[in-house]
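Residues per chain are reported as follows:
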Amino acid sequence: MKCSINGKAIAAFATFCTVLVYLAVGAAIFQAIEESHENEQRKNYEEELHDLLQDVDKEFHDELKAPCHMVEVLQATPNVTNTWTFAPTVIFCLTVVTTIGYGYMYPVTDEGRGFCIFFALIGIPLFMACLAVYAQHTANFIRWVCKKLRKVLGGKDEENEKVQQIVTILFCIVVILTFSAYLSYKEQWNYFDAIYFTFISFTTIGFGDLYPSSTDTLFYFLFVFFIILGLISLGTVIEAQTSNFSAFLNFISSTCECMCGKCVTVEKDMISETDEVMNENANANGNGNHMKSQEV
């Protein structure tokens, strides 16, 4: 038993490490492809700006340069700014394999777009497999906690499943509220906007209307950690609720079949019984006629 548990733990850890390595390698390749194009864009902009301002008097040079930079910020595509450094690219790769896709950052070169297709085809099923493994481990851990609580507090076995669902929902709520509180503090968002962004991210909807602007290493680490943890926790809740809705729909379907098919079933049974009686009578008459013919 211990060997089995350790084996599962090692497999889960190996899967998680594989995902991390895949994200890191993908980020390095994306950075190599897109950063050179980004630098070329920036260089072209600086040259155009220099050509624009070279004939301007020195008195107005600085006054015109600031508005030009402002126009750059307002009208620039994501690749005009310093986007494709390693840490933001890892976040981009995470949004690809999780299918969140905020849209704040995207490849613009043919090579980058082609690699993105290849990266997603392998990365999405790989991440989903990792997510399923850790969701199962999370469900097992919650089940173990519920059993311990039932032994301490007492309760019926029938109530254990309901308690598990409640604990799973509470765990998911705690993760959402914690990450939202961190975002609200870090980004100076109001708390409702932070909850909205967190929920949109954890459900992989990813509108992209809100996105954090922090760039420090700790933020990137916590962002990846909470996104993965949130996907696991909310995925466990959604799976449980999907099972509940499926059971409810099956109950409605069976009830409708019983109500609508009751008369038909009874009628079929009566017809079957009548046919059986008629067949028995026919067989009896046939046997009687055969015996009479023998006597004659």
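Just so it is clear, the model here is predicted, and its values are computed rather than measured.

## Section: the overall build of the chain
Secondary structure assignment for the chain yields 7 helices and 0 strands. For the chain, the succession of helices and strands along the chain, N to C, is α-α-α-α-α-α-α. Relative to its 296 residues, the chain shows a buried fraction of 29%. When contacts within the chain are restricted to residue pairs at least 6 apart in sequence, those whose partners lie at least 24 apart make up 69%. Put simply, the chain shows about 19,300 Å² of open surface, and 65% of that area lies on carbon and sulfur atoms.

## Here's the deal with the packing of helix 4 (residues 110-153) against helix 5 (residues 160-187)
Contact geometry for helix 4 and helix 5: axes closest at 9 Å, N-to-C directions at 120°. As summarised for this structure, helix 4 and helix 5 are arranged oblique, according to the angle between their axes. In terms of crossing hand, the pair formed by helix 4 and helix 5 is right-handed. Residue-level inspection shows T138, I142, R143, C146, K147 and R150 of helix 4 in contact with helix 5, the latter providing N160, V163, Q164, V167, T168 and F171.

## Focus on the pattern of salt bridges
Across all of its chains, the model carries 1 salt bridge by this definition. Of the charged contacts, one joins K186 and D216 as a salt bridge, the two residues approaching to 3.1 Å between their closest N and O atoms. Remark: D216 occurs in the loop between helix 6 (191-202) and helix 7 (217-295) and K186 occurs in helix 5; sequence separation between them is 30 residues. According to the relative accessible area criterion, K186 is partly exposed, its value standing at 30%. Accessibility expressed as a relative area gives 28% for D216, which makes it partly exposed.

## Observations concerning unusual backbone geometry
Even without being a glycine, T99 presents a positive backbone phi close to 65°. Examined against the element boundaries, T99 turns out to sit in the loop between helix 3 (86-97) and helix 4. One non-glycine residue, Q188, lies in the positive phi region at around 60°.

## Description of the nonpolar core
Core analysis: the biggest nonpolar cluster contains 46 residues, and F119, F179 and I227 have the highest contact counts within it. Put simply, the parts of the chain that give this core at least two residues each are helix 1 (2-53), helix 3, helix 4, helix 5, helix 6 and helix 7. Examining the composition of this core, we find that 12 residues originate from one element, helix 7, more than from any other. When residues no more than four places from it in sequence are discounted, the contact partners of I227 are L94, I100, Y102, F179, S201 and F202.

## Re the confidence of the model for the chain
In regions of low pLDDT, the predicted coordinates are not meant to be interpreted in detail. Of the residues in the chain, 72% have a pLDDT of 70 or more, and the chain-wide mean is 79. Low pLDDT, under 50, characterises residues 73-81; the stretch is placed with 17 contacts to residues that sit more than four places away or in other chains. Confidence drops under a pLDDT of 50 for residues 290-296, and excluding neighbours within four residues, the segment shows 0 contacts in the predicted structure.

## Examining the packing of helix 3 against helix 4
Taken N-terminus to C-terminus, the directions of helix 3 and helix 4 make an angle of 70°; their axes are 8 Å apart at the nearest point. Classified by the angle their axes make, helix 3 and helix 4 are roughly perpendicular. Helix-helix and strand crossings are classified by hand; for helix 3 and helix 4 the assignment is right-handed. Between helix 3 and helix 4, the contacting residues are F92, C93, L94, V96 and V97 on the first element and C116, F119, A120, G123, I124, F127 and M128 on the second. A class-by-class count of the residues in the contact of helix 3 with helix 4 yields 11 nonpolar, 1 polar and no charged.

## Comments concerning the packing of aromatic side chains
What characterises a pair of aromatic rings is the spacing of the ring centres plus the angle enclosed by the ring planes. Considering all chains together, one arrives at 24 aromatic pairs under this definition. With a centroid separation of 5.2 Å and an interplanar angle of 75°, the aromatic rings of W84 and F92 are classed as edge-to-face. We note that W84, like F92, is buried. On the numbers, 6.3 Å between centres and 40° between planes, the contact of F115 with F118 is tilted. Here F118 and F115 lie together in helix 4, a separation of 3 residues that amounts to about one turn. Residue classification places F115 among the buried positions, given a relative accessible area of 16%.

## A short note on the side chain of S201
With respect to the helices, strands and loops of the structure, S201 is situated in helix 6. Once you skip the residues sitting within four places of it in the chain, S201 turns out to touch I100, Y102, I227 and L231.

Calculation criteria
Residues numbered from 1 in each chain as written. Predicted model: local features only at pLDDT ≥ 70, side-chain atom pairs only at ≥ 80, totals over all residues. Heavy atoms only, no water. Helix = DSSP H or I, 4+ residues; strand = E, 2+ residues; numbered from the N terminus. Buried < 20%, exposed > 50% of the residue type's maximum accessible area, 1.4 Å probe, protein only. Contact = heavy atoms within 4.5 Å. Areas by Shrake-Rupley, 256 points an atom, 1.4 Å probe, with all protein chains shown as cover. Axes fitted to C-alpha atoms, helices over the stretch in contact; angles between N-to-C directions. Parallel < 35°, antiparallel > 145°, perpendicular 65-115°, else oblique. Left-handed = near helix turned anticlockwise from the far one by under 90°. Salt bridge = Lys/Arg side-chain N within 4 Å of Asp/Glu carboxyl O. Core = buried A, V, L, I, M, F, W, Y, C linked by side-chain atoms within 4.5 Å. pLDDT = per-residue confidence, 0-100. Nonpolar A, V, L, I, M, F, W, Y, C, P; charged D, E, K, R; others polar. Phe/Tyr/Trp six-rings, centres within 6.5 Å; stacked < 30°, edge-to-face > 60°.

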